[in-house]
Structures are given as C-alpha cells and as structure tokens.
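Here's the letter readout for the chains.
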Amino acid sequence: MIKLIGIAVVAAGFALRLNPLLVVVAAGVENMTRVPMGASVIKDSYPFGPEMQGRYPNLVPQGISAELIAEKWGISRDDMDRFGLQSQERAARATREGRFQAEILPVLDAEGKLVGLHLRVSGQSILTSVRPEALVNGMDPAVFQGMAPSGEFEFGYGAIPNLLIDHAMRNPHVPPGFWRGVNINQNAVYIESFIDELALASGQDPLEFRRKLLAKEPRMLGVLNLAAEKAGWGKKLPAGRAMGVALMEGYGTYMAQIAEVSVNRSTGQIKVHNFWCTIDCGVAVQPDNIIAQTEGSTVYGLGMTLSERITIKNGAVEQSNFYDYALPRMNEVPAMHVELIQTDNHPTGAGQMSTPLVAPAVSNAVFALTGVRLRHTPFTPDRVKKALA
C-alpha cells in the first residue's frame, strides 16, 4: 500500500545508500521466521489502556480485574500475559507478534543537505486486527503516525523537497494490539536513528543537522533547542558517557529528548544516567500532570528499549507474569528533567509522547559512545555485546 508525500524523484546530488539501511525494531516475540528484508518483531503491551475501554468489544476493557476474569472466563493473569488479546468469551489461543522494519534511501547534495528521502515501512497493521472498519481502501493510515503529510502526526522533516513514504503491509497469522506510543514507537526509531547516520555521513553534528532540517518548523525547532540547552549539548561529559537526541510530532504535540548513557563493555549493559525531555503541547492545562505523564511515559520507553520482550517456544509465549517479564525497577530509572513550553496553541496529547523517543535517543547515544549502531530492540546485554564484538 502506497503513501505519497511530496514528489518521488531523485534530486541533484548523490544517493547515499547505507547498506541498505534496515532499522530493525523488536521488543517482543523471538524465534520467528525471517523474511528477505530482515524481519523483526515487536512486543505489544496489555490491551488494558484507555484506547481499549468501550471501543473494541473484542478486547478486555480497562478496569477488569484478573480475579473477575478468572472467575467469569476461567483464565488467569498468567494466561492473559501469555495470550495477550482476549475475546469476550474466552482467551483467544494466540500469541502477540508483530514485525516492523524500514528501508531508507536518502539523497544528499554536494553540500551535505538532505534533498531527497524514500522511506518504506514494512510491517503489520494493528487496525486490521482490532478495528478493521477504520481501514481506508484496505490501507491503514495509522501506520504513518509521525510520518503523515499533515495533521496531528505530521512528518517533522516535511521540508525535504523530494519525499516518498510508503507502507508494505504484512500481516502474520497472530494479531497485534496497541501499546503505549502505538506506531510512533517504531517510526521514531527509523527516522531519528537514520537522521543521525545522515549527519555522520555528511560530517555534521546530529543536533546541527536537525536544526537545518527544521528551519521552517518553529515548534519542532523550539523543543529541540530547549532540550539541547538544558542538557548542555556539546559539553564535556564524564569519561565513558555520551548523549543522543531524538524528536517527533505526535497527537499534535512536539517533543524532544536527549539521553545520557554509558555502556559496560564487559557485560553489555546500557545504563541511562539522564533524560532531558521538552514538550510543547499547547496550553498546559495541568502542568504537573503533563510532567508526571512524561516521566511515566519515559519509564515505559525505557523498558521497551532495554529489557521488555517475550519469547516463543513450541508455539506458546514463555513469559507469564512480572517475575519473568523484565520491567524497569526503581533503581534503574534515570534522573528525568522535563521542561514545558507554554504556548497559546490548542492543548494536545501528552500521555504517550516520550515513550517513542527513548529507543532512538539511547541508540544514538550508544553510537556516539561506541561507534556501533544498535538496530534490534530491546538492547539487551547479549545483543549489545554481540554488536560490540
């Protein structure tokens, strides 16, 4: 299914194809069959969020307790963790699986300016599984969250003169569900990791490269500049640390995030020391709540980035509860510095915006520190050690 933004032509200059770039996102099911592009998988969280309640009758609504489900339907919390999506009558005998990837072809001119970009996303459709009536001529518009031509999920780098973004839908037999951040999660990784690679290829600082691309996007540029100021971008850091940046528009809100990380090369463990988040969501009706939402959303993103995944064995999910599904603990949560940009614009979303930025910001920081690009989330110690080898 094709989504066209701008004109799909190759501009003057040279085409830079990075290997070709496959930004692989995975925070979920392991041991699945690979496809030629380089398949990956992605984890979905419990279907017990605000999106679910009262909207999707085939999913368990928010607020239903594990005890009540066990009493009415004969399934336990462990069953829900294993099976994920539920029917009203009984747990569907399915596991949650998703595969998302992107192949990106840029064009830089002789001065290192990005003048053309083709981004193809390949992966499954959440709407096909849980809300097929929302499809448009068989296509899922939600897959373009953060990459749309206009509206609340507008592509932040829309000033690129020649731009094509399309989607090749591939739905495996196991249906997915929503998770916090929804489709911006994988899209932010594709875009923000690749922007860093383009900056390196053109010999520019990642922050300055973004500033040039956002010269006509004042709100995006505003969150980026404030995050850089608060983090002290460019300052000398303690030995063994580096910073990475990511930003995105979603739900009508603009957010930038900078992560400061270190890597234990012997164990492969990534430690995030600081997150700086700046958010422009228009009129901040309840500023304290926005800050709390941003902090909580960041913790969700930290888990998705570093530890959360499920594995498949003999056709079944192995993890069943919190004792074998690794969530961030309090001692693993870094210092978070959240700044609001107050404007008189219409108030927009604030509950999910920092989740998608954690993985690309951490990945970019790890690259700045080690010169190694991590492409497969979660960035578990074994995967980091393998990448560093």
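Residues numbered from 1 in each chain as written. Predicted model: local features only at pLDDT ≥ 70, side-chain atom pairs only at ≥ 80, totals over all residues. Heavy atoms only, no water.

Draft legend 1. Seen up close, the overall build of the protein. The secondary structure content of the protein amounts to nine helices and 11 strands. Of the contacts made within the protein by residues no fewer than 6 positions apart, 71% connect residues no fewer than 24 positions apart. (Helix = DSSP H or I, 4+ residues; strand = E, 2+ residues; numbered from the N terminus. Contact = heavy atoms within 4.5 Å.)

Draft legend 2. Seen up close, the sheet that holds strand β11 (residues 335-340). Strand order across the open sheet formed by four strands is β6-β7-β8-β11, with mixed pairing between neighbours. Only two strands of the sheet have a single partner each, and these edge strands are β6 (241-250) and β11. On average, each strand axis in the sheet is tilted by 15° relative to the strand beside it, whichever way the strands run. Pairing analysis gives 10 bridges linking β6 to strand β7 (residues 253-264), with the strands arranged antiparallel. Within β7, the position partnered with Val-245 by the bridge is Ile-258. Running over the sheet, helix α6 (residues 218-231) touches β6, β7, β8 (269-280) and β11 and is turned about 35° from β7. (Pairing = 2+ DSSP bridges. Axes fitted to C-alpha atoms, helices over the stretch in contact; angles between N-to-C directions.)

Draft legend 3. Broad picture of the pattern of salt bridges. In the structure shown here, the tally under the stated rule is nine salt bridges. For the salt bridge of Glu-197 with Arg-375, the shortest nitrogen-to-oxygen distance reads 2.9 Å. Of this pair, Glu-197 sits in helix α4 (residues 184-201) while Arg-375 sits in the loop between α8 (355-370) and α9 (381-388), and the two are 178 residues apart along the sequence. The exposure class assigned to Arg-375 is partly exposed, which follows from its relative accessible area of 29%. A salt bridge links Asp-280 to Arg-219; its shortest N-O distance comes to 2.8 Å. Residue Asp-280 is located in strand β8, and its partner Arg-219 is located in helix α6; the two are separated by 61 residues in the primary sequence. In the salt-bridge network here, residues are joined through shared partners; they are Glu-192, Asp-196 and Arg-210. (Salt bridge = Lys/Arg side-chain N within 4 Å of Asp/Glu carboxyl O. Buried < 20%, exposed > 50% of the residue type's maximum accessible area, 1.4 Å probe, protein only.)

Draft legend 4. Expanded view of the packing of α4 against helix α5 (residues 206-213). Where α4 meets α5, the axes come as close as 9 Å, and the angle between the chain directions of the two elements is 105°. By the angle between their directions, the pair α4 and α5 is classed as roughly perpendicular. Mapping the contact onto sequence places Glu-192, Ile-195, Asp-196, Leu-198 and Ala-199 in α4 and Pro-206, Phe-209, Arg-210 and Leu-213 in α5. Taken together, the residues of the contact of α4 with α5 sort by class into six nonpolar, no polar and three charged. (Parallel < 35°, antiparallel > 145°, perpendicular 65-115°, else oblique. Nonpolar A, V, L, I, M, F, W, Y, C, P; charged D, E, K, R; others polar.)

Draft legend 5. Looking closely at the side chain of Asn-185. Among the structural elements, Asn-185 can be located in helix α4. The exposure class assigned to Asn-185 is buried, which follows from its relative accessible area of 5%. A polar side-chain atom of Asn-185 sits 2.9 Å from the main-chain carbonyl oxygen of Arg-180. From its side chain, Asn-185 meets the backbone oxygen of Val-182 in a polar contact 3.1 Å long. (Polar contact = N/O pair within 3.5 Å; in protein donor to acceptor, adjacent residues only side chain to side chain.)

Draft legend 6. Highlighting the nonpolar core. If you look at the biggest cluster of nonpolar residues, it comprises 80 residues, and the most contacted ones within it are Phe-155, Tyr-157, Ile-270 and Val-362. The biggest single contributor to this core is α4, with eight residues. In this view, Phe-155 contacts Leu-117, Gly-146, Met-147, Ala-148, Ile-160, Leu-163, Ile-165 and Ile-191; residues no more than four positions away in its chain are not counted. (Core = buried A, V, L, I, M, F, W, Y, C linked by side-chain atoms within 4.5 Å.)

Draft legend 7. Geometry of the side chain of Thr-370. Along the chain, Thr-370 turns up in helix α8. At a separation of 3.1 Å, a polar atom in the side chain of Thr-370 contacts the main-chain amide nitrogen of Val-372.

Draft legend 8. Seen up close, the pairing of strand β5 (residues 162-169). Summarising burial for β5: six of the eight residues are buried, a large majority. In this structure, strand β4 (residues 114-123) lies alongside β5, joined through eight bridges in parallel fashion. Bridge pairing links Arg-120 to Asp-166 in β5.

Draft legend 9. Quick peek at empty space enclosed by the protein. Scanning all chains against the criterion turns up three cavities of 30 Å³ or more. Considering only enclosed or pocket space, the largest cavity measures out at about 90 Å³ in volume. In terms of lining residues, the largest cavity is bounded by 12 residues, among which Trp-179, Asn-185, Val-189, Met-304 and Ala-359 are the most central. Elements with a minimum of two residues in the lining of the largest cavity: α4, α7 (287-306) and α8. Split by residue class, the lining of the largest cavity holds six nonpolar, six polar and no charged. (1 Å grid on protein atoms, 1.4 Å probe; cavity = no way out; pocket = protein on both sides within 12 Å on 5 of 7 lines; lining within 4 Å. Points joined across faces, edges and corners; volume = space filled by probe spheres on them.)

Draft legend 10. Region of the structure containing unusual backbone geometry. Cis geometry is adopted by the peptide bond preceding Pro-378, which originates at Thr-377 and carries an omega value of 0°. Structurally, Pro-378 can be placed in the loop between α8 and α9. A positive phi angle, near 50°, is found at Val-182, a position not held by glycine. Position of Val-182 among the secondary structure elements: in the loop between β5 and α4. With phi around 55°, Tyr-251 is a residue other than glycine that occupies positive phi space. Its place among the elements puts Tyr-251 in the loop between β6 and β7.

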